[in-house]
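One-letter residues, chain by chain:
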Amino acid sequence: MMEALLVGADSLGNIPEVLRCYGIRIARHVCGRNVAHQRRAALPGRPDVLILLTDFLGHNVMRHYRDRAAAQGIPVLACRRSATAVAQRLRHHGWRPLP
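Residues numbered from 1 in each chain as written. Predicted model: local features only at pLDDT ≥ 70, side-chain atom pairs only at ≥ 80, totals over all residues. Heavy atoms only, no water.

## Some remarks on the overall build of the protein
Thinking step 1. Along the protein, the regular secondary structure elements total 3 helices and 4 strands.
Thinking step 2. In the protein, the succession of α and β elements from N to C terminus is β-α-β-β-α-β-α.
Thinking step 3. Relative to the 2.2 N^0.38 estimate, which gives 13 Å for 99 residues, the radius of gyration of the protein is 12 Å and therefore close to what a compact globule would have.
Thinking step 4. C-alpha atoms of the protein, sized along the principal axes, occupy 40 × 25 × 20 Å.
Thinking step 5. Evaluated residue by residue, the protein yields a buried proportion of 39% over its 99 residues.
Thinking step 6. For the protein, the exposed surface amounts to about 5,600 Å²; the carbon and sulfur share of it is 49%.
Thinking step 7. When the 15 basic and 6 acidic side-chain charges of the protein are each reduced to a single mean position, those positions are 4 Å apart. (Helix = DSSP H or I, 4+ residues; strand = E, 2+ residues; numbered from the N terminus. Rg over C-alpha atoms; globule rule 2.2 N^0.38 Å. Buried < 20%, exposed > 50% of the residue type's maximum accessible area, 1.4 Å probe, protein only. Areas by Shrake-Rupley, 256 points an atom, 1.4 Å probe, with all protein chains shown as cover. Lys, Arg positive; Asp, Glu negative; His and termini not counted. Charge placed at Lys NZ, Arg CZ, Asp CG, Glu CD.)

## Concerning the state of the cysteines
Thinking step 1. One pass over the full model with this rule turns up 0 disulfides.
Thinking step 2. Counting only cysteine sulfurs, C79 is the nearest neighbor of C21, a cysteine outside any disulfide, at a range of 15 Å.
Thinking step 3. On the accessibility criterion, C21 (46% relative accessible area) is partly exposed.
Thinking step 4. Judged by relative accessible area, which is 9%, C79 ranks as buried. (Disulfide = S-S within 2.5 Å.)

## A word on the nonpolar core
Thinking step 1. Counting residues in each nonpolar core, the largest one holds 19 residues, and the members touching the most others are L6, L19, I51, L53, V86 and L90.
Thinking step 2. Elements supplying a minimum of two residues to this core: β1 (2–7), α1 (15–21), β3 (49–53), β4 (76–79) and α3 (83–92).
Thinking step 3. Counting residues per element, this core draws most heavily on α3, which supplies 4 residues.
Thinking step 4. For L6, the residues in contact, after removing those within four places along its chain, are L12, I15, L19, I26, R28, H29, V30, I51 and L53.
Thinking step 5. If you look at the next biggest cluster of nonpolar residues, it comprises 12 residues, including L5, L43, V61 and Y65. (Core = buried A, V, L, I, M, F, W, Y, C linked by side-chain atoms within 4.5 Å. Contact = heavy atoms within 4.5 Å.)

## Some words on helix α2 (residues 59–72)
Thinking step 1. In this model α2 runs 20 Å from its N-terminal to its C-terminal C-alpha over 14 residues, within 8% of the 20 Å that 1.5 Å per residue would give.
Thinking step 2. Among the residues of α2, V61, M62, H64, Y65 and A69 are the ones counted as buried. Mapping the buried residues of α2 onto a view down its axis gives an arc of 160 degrees, with all of them on the same face. Opposite the buried face of α2, by more than 90 degrees, sit the exposed residues H59, A70 and A71.
Thinking step 3. Following α2 by one or two positions, G73 adopts a phi angle in the positive range, close to 70 degrees. (Expected span 1.5 Å × (residues − 1). Arc of directions from axis to C-beta.)

This is the structure in structure tokens:
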């Protein structure tokens, strides 16, 4: 099972269930509102994918996490905070639901 780092959103709603359907487990969720989240030297853990939930996420925070992911060769998905948007973005990037 792959692990994801989710950045953004205070609550995840049905997103964890959608990710499970694609064989992805949430290793960590960071809301991104805390200023300290912008100053982390590296991504927490070693996720297989970074998912940015952009609804209430500032540009500086997004850029910080994108840059860190790019430096480690981790794919980045950016979408709105909804289960449907996450599923659409996963399919767009080639992920398919598990049988």
